[in-house]
Amino acid sequence: MTATTATTATSAARPTASARLRRQPWDLYVAIAATAVFALAALWPDLLATQGAFTMDLANTLQPPSAAHWFGTDEAGRDLYSRVIHGTAASLGIGIGAAAVSLMLAVVLGSLAALGNRATSAGVGWLLEVAFAFPALLLSLLLIAVLGPSILTLILAVGIGTAPGYARMVRGQILGAKDSPYVEAAIALGHSRGRILRQHILPNSLRPLVAVFALSIGQSIVWASSLSFLGLGIAPPAPEWGALLDAGRPYITVAGWLTVIPGVVIVLLALTTTTLGRHLQSILEKGEK
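Attention here is on the structure that accompanies the text. These numbers come from a predicted model, not from an experiment. (Residues numbered from 1 in each chain as written. Predicted model: local features only at pLDDT ≥ 70, side-chain atom pairs only at ≥ 80, totals over all residues. Heavy atoms only, no water.)

## Observations regarding the overall build of the protein chain
At step 1: In terms of regular secondary structure, the protein chain is built from 13 helices and 0 strands.
At step 2: Listing each helix as α and each strand as β along the protein chain from the N terminus yields α-α-α-α-α-α-α-α-α-α-α-α-α.
At step 3: The burial tally for the protein chain puts 37% of its 289 residues in the buried class.
At step 4: A separation of at least 24 residues holds for 67% of the contacts in the protein chain among residues at least 6 apart in sequence.
At step 5: Carbon and sulfur atoms form 69% of the exposed surface of the protein chain, whose accessible area is close to 15,300 Å². (Helix = DSSP H or I, 4+ residues; strand = E, 2+ residues; numbered from the N terminus. Buried < 20%, exposed > 50% of the residue type's maximum accessible area, 1.4 Å probe, protein only. Contact = heavy atoms within 4.5 Å. Areas by Shrake-Rupley, 256 points an atom, 1.4 Å probe, with all protein chains shown as cover.)

Here is the structure:
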């Protein structure tokens, strides 16, 4: 092989700059940057907000987005941008809390269904089937009607309503791990049932829940916002995003930004957590291989 041929072959094998740029996970970088902004808004809202969440200016009611009010103003002249910023903590708290409740219930129920005796597995499996068939929205409405609207009620309602689907996933993961070659090898080596459970079955079964937790945060916020939009969540004038949707509903034909902008923010957060969860899942799958 001549030097020219070798150089040509090396150049062909080396990825071009444009190819390397295409392989960059730009969506992950954007999601990380968005996560940093949401975290800053939740922890230190005064650094980003231009006004207080409840500061009224009756001379500037229902003003459209402008340089003075980036997201416009509401019926009381309150700056919508500042209210969205101040509502981040409550919305994120509901999303993280509901996701935590959902996954904790899922781990308990899924583990009982997969590892319990025949009667326990059958009973929990039947309960999961009934709960999964029961509309989650209807269950959430029932809990809110009994406990009354509040942040805690939203967390419980959304968490309990979404738990059955995750519990079925946990059950399937555990059953798959029980039949895996490394568990069979551990049994052949004489390891105890408790050791196999602690060292092999549970770690490998629950590892995917790291990515699921990130995915479920956005889903929980969307669910909670939907309930608030129906008037069953936190009541206005709280700046929680679902409450902002509810507050802007009467003015949707004359001041559409009061509903559209909080809705867009909710979608952005859901996309952010979904992107992070998808990349976490990809990393975990590569680690398993």
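## Focus: the environment of A270
At step 1: Along the chain, the position of A270 falls in helix α13 (residues 257-288).
At step 2: Its relative accessible area of 15% is what places A270 among the buried residues.
At step 3: Note: C-alpha distance between A270 and L215 (55 residues apart in sequence) is 8.0 Å.
At step 4: If we skip the residues at most four places from it in the chain, A270 touches G218 and V222.

## Comments concerning the layout of surface pockets
At step 1: In this model, the largest pocket occupies a volume close to 350 Å³.
At step 2: Considering the residues around the largest pocket, the lining is formed by 19 residues, among which A34, V37, F38, V265 and L268 are closest to the centre.
At step 3: Looking at the lining of the largest pocket, the elements that each hand over two or more residues are α3 (26-43), α4 (80-86) and α13.
At step 4: Here the lining of the largest pocket takes 7 residues from α3, the largest share from any one element.
At step 5: Of the residues belonging to the lining of the largest pocket, the class tally is 15 nonpolar, 3 polar and 1 charged.
At step 6: Reported here for the second largest pocket is a volume of approximately 210 Å³.
At step 7: If you go around the second largest pocket, you meet 13 residues; those closest to its centre are T35, F38, L92, I96 and L269.
At step 8: If you list the elements that add at least two residues to the lining of the second largest pocket, you get α3, α5 (88-115), α11 (209-229) and α13.
At step 9: A per-element tally of the lining of the second largest pocket places α3 first, with 5 residues.
At step 10: Taken together, the residues of the lining of the second largest pocket sort by class into 10 nonpolar, 3 polar and no charged. (1 Å grid on protein atoms, 1.4 Å probe; cavity = no way out; pocket = protein on both sides within 12 Å on 5 of 7 lines; lining within 4 Å. Points joined across faces, edges and corners; volume = space filled by probe spheres on them. Nonpolar A, V, L, I, M, F, W, Y, C, P; charged D, E, K, R; others polar.)

## Focus: the packing of aromatic side chains
At step 1: Throughout the structure, instances matching the rule amount to 4 aromatic pairs.
At step 2: With a centroid separation of 5.3 Å and 85° between ring planes, the pair formed by F71 and Y81 is classed as edge-to-face. Residue F71 is found in the loop between α3 and α4, and its partner Y81 is found in helix α4; the two are separated by 10 residues along the sequence.
At step 3: Taking the relative accessible area as the measure of exposure, Y81 reaches 11% and is therefore buried.
At step 4: Aromatic rings pair up to connect W70, F71 and Y81 into one cluster. (Phe/Tyr/Trp six-rings, centres within 6.5 Å; stacked < 30°, edge-to-face > 60°.)

## Quick word on the pattern of salt bridges
At step 1: Enumeration over the complete set of coordinates arrives at 6 salt bridges.
At step 2: Linking D246 and R249 is a salt bridge whose minimum nitrogen-to-oxygen distance equals 2.7 Å.
At step 3: On the basis of relative accessibility, which here comes to 13%, the residue D246 falls in the buried class.
At step 4: Since its relative accessible area comes to 36%, R249 is described here as partly exposed.
At step 5: Several salt bridges converge on common partners, so that one network encompasses D74, E75, R78 and R83. (Salt bridge = Lys/Arg side-chain N within 4 Å of Asp/Glu carboxyl O.)

## Here we look at the environment of Y29
At step 1: Considering the arrangement of structural elements, one finds Y29 in helix α3.
At step 2: Distance in space between the C-alpha atoms of Y29 and T275 is 9.8 Å, their sequence separation being 246 residues.

## Some thoughts on unusual backbone geometry
At step 1: One non-glycine residue, L62, lies in positive phi territory at about 50°.
At step 2: Inspection of the secondary structure puts L62 in the loop between α3 and α4.

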